[in-house]
Amino acid sequence: MKENLNPFAIAQAQLDEAAEVLQLDPDMHAFLREPMREFHFTIPVRMDDGTTRTFQGFRVQYNDARGPAKGGIRFHPDETIDTVRALAAWMTWKTAVSDIPLGGGKGGVICNPREMSQDELERLSRGYMRNIARYVGITQDVPAPDVHTNPRIMAWMLDEYETITGKREPGVITGKPLELGGSAGRTPATAMGGLFTIREAAKLKGLDLNGATAAIQGYGNVGSYAHILGQKEFGIKVVAVSDEFGGIYNTNGLDCDVILDHQRKTGKVINCPGTENITNSELLELEVDILIPGAIENQLTSQNANNVKAKIVAELANGPTTPEADNILNDKGIYIIPDFLCNAGGVIVSYFEMVQNGYQYYWDESMVHDRLDRKITTAFHAVHQMSQTKNVDTRVAAYLVAVNRVAEAVRLRGWV
Ligand code: NAD
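Here the structure is a predicted model, which means the values were calculated and not measured.

Peer 1: Residue-level account of the overall build of the protein chain, with values.
Peer 2: For the protein chain, the helix and strand inventory stands at 14 helices and 12 strands. Relative to the compact-globule value of 22 Å for 416 residues, the protein chain shows a C-alpha radius of gyration of 20 Å, a close match. On the principal axes, the C-alpha backbone points of the protein chain span a range of 55 × 55 × 50 Å. Within the span of the protein chain, comprising 416 residues, buried residues form 61% of the whole. Pairs at least 24 apart in sequence give 69% of the contacts found in the protein chain among residues at least 6 apart. Here the protein chain contributes 41 positive and 52 negative side-chain charges, whose respective centroids are spaced 4 Å apart.

Put into structure tokens, the structure is as follows:
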């Protein structure tokens, strides 16, 4: 049978497996399988050449039983409503496993930001916010950046929202520039959180991180910071990195400052002097201690999972592993740090950003990282302990922890 790569079908299949282990009430299971609310809209944008292009936008509020929906907005040519639904579901489990008082949501626009000018992107971002302004807010739904969106885009969206409401309400969106109420430590937070979970997994595997080898797929926010912090804070030897154009490898390790400089100049990581070009597929199958998929969905599948040689797979990307690949990796004894645990650092610090915005009192980066460490390390051990107690793999264990918490909030509210 052909592997189903629809991300929402995968998210539902993962929930189904957890529901079975939990013996979840069928009515609750049916409720948690679907998004509570979704918005589909068109965004007409005046292009620089005077024409108007109509873009398709989505916002999904998957579940807000534990608090306002929370989740990023992705600008991508391959965006689909099912990708947004899956990401919104994973956000629900992510905020729950991290035990922060938020629900799950996600947004997206089908567009190619690489082909748009800054002015066009600004008009698109403001148009997106005009469509959802009525449905978001600090008590309803709080967006953030995701693939191809960044603090600058968050600033435009915040300004549009505040122009519509006539109030200053920085907590309505996170991942903002520091000058507009962003949190210290937010930009590297996802990678930092992932590295804290890698540290804990390494202890369980008896692996010394200092000098351990790693390969990182994706060299955007998450991948590049995983390289910088992995190398500088944890002594990890990163031997391969990649982006959508391909990867590079050096058995002696890649210096992050050199790669970043090369990427800044050329827009890609390939052809960096002193390295060997490799493909993305080759990167995933390298003999390394830690493999970090940090780009997009469905990278580890039934086609290549057997060839993965890493001891730890740390899923900084959302949905990089299909259920079939999951089974193969688990059978091989590879320790998977599942996506919605591994990459929860971003939303944890987004939550800290909302807290700071509420008080208008700001913390320094070391306090942010200390608190992130405590939160995500607690989550890691809750999941690990669940996997031991129930004798299930780490992804199912993460679902058990998260689904239990969401289901309890739904029950207490009397929805199901
Ligand atoms: P980004 O846009 O900054 O970077 C994405 C990177 O992936 C780029 O280097 C791009 O070239 C690369 N890429 C795209 N397609 C690829 C392909 N087919 N093969 C290899 N590389 C490819 O995005 P990001 O914020 O770094 O997000 C990366 C992943 O992490 C996504 O799955 C995202 O949902 C997840 N994530 C991000 C955050 C965050 O705070 N930024 C938080 C949680 C999860």
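Peer 1: Can you explain the environment of Lys375? Please cite residues and give values.
Peer 2: Its place among the elements puts Lys375 in helix H13 (residues 365-390). Distance in space between the C-alpha atoms of Lys375 and Pro35 is 26 Å, their sequence separation being 340 residues.

Peer 1: Could you give an account of the pairing of strand S1 (residues 37-46), naming the residues involved and the relevant values?
Peer 2: Strand direction decides the pairing type here: S1 and strand S2 (residues 52-63), joined by 10 bridges, are antiparallel. Looking at the pairing, Arg46 lines up with Thr52 of S2. The antiparallel pairing of S1 with S2 creates a hairpin that spans 5 residues between the two strands, and Gly50 there sits at a positive phi of about 95 degrees.

Peer 1: If you had to explain the site of the ligand to someone new, which residues and values would you point to?
Peer 2: With respect to spatial proximity, 23 residues lie near the ligand, and among them Arg74, Thr190, Tyr219, Glu244 and Asn318 are the closest. Between the ligand and His148 there is a distance of 3.4 Å, counted from an oxygen atom to a backbone nitrogen or oxygen. Residue Val222 places a main-chain N or O atom 2.9 Å away from an oxygen atom belonging to the ligand. Summarising the interface, the protein chains cover 86% of the accessible area of the ligand, which totals 830 Å² for the free molecule.

Peer 1: So what's going on with the sheet that holds strand S10 (residues 290-293)? Which residues, and what values?
Peer 2: If you walk across this open sheet you meet the 7 strands as S9-S8-S7-S6-S10-S11-S12, and the pairing is mixed. Either end of the sheet is taken by a strand with one partner, and the two such strands are strand S9 (276-278) and strand S12 (335-337). Taking the axes of each pair of neighbouring strands and ignoring which way they run, one obtains an average angle of 20 degrees across the sheet. The sheet contact formed by strand S8 (residues 246-249) and S9 spans 3 bridges and is antiparallel. Paired with Tyr249 across the strands is Glu276, a residue of S9. The sheet contacts of helix H6 (residues 189-205) involve S10, strand S11 (312-314) and S12, and relative to S12 the element is tilted by about 160 degrees.

Criteria and thresholds
Residues numbered from 1 in each chain as written. Predicted model: local features only at pLDDT ≥ 70, side-chain atom pairs only at ≥ 80, totals over all residues. Heavy atoms only, no water. Helix = DSSP H or I, 4+ residues; strand = E, 2+ residues; numbered from the N terminus. Rg over C-alpha atoms; globule rule 2.2 N^0.38 Å. Buried < 20%, exposed > 50% of the residue type's maximum accessible area, 1.4 Å probe, protein only. Contact = heavy atoms within 4.5 Å. Lys, Arg positive; Asp, Glu negative; His and termini not counted. Charge placed at Lys NZ, Arg CZ, Asp CG, Glu CD. Pairing = 2+ DSSP bridges. Near = heavy atom within 4 Å. Polar contact = N/O pair within 3.5 Å; in protein donor to acceptor, adjacent residues only side chain to side chain. Areas by Shrake-Rupley, 256 points an atom, 1.4 Å probe, with all protein chains shown as cover. Axes fitted to C-alpha atoms, helices over the stretch in contact; angles between N-to-C directions.

Functional significance is not addressed by these values, which are geometric in nature.
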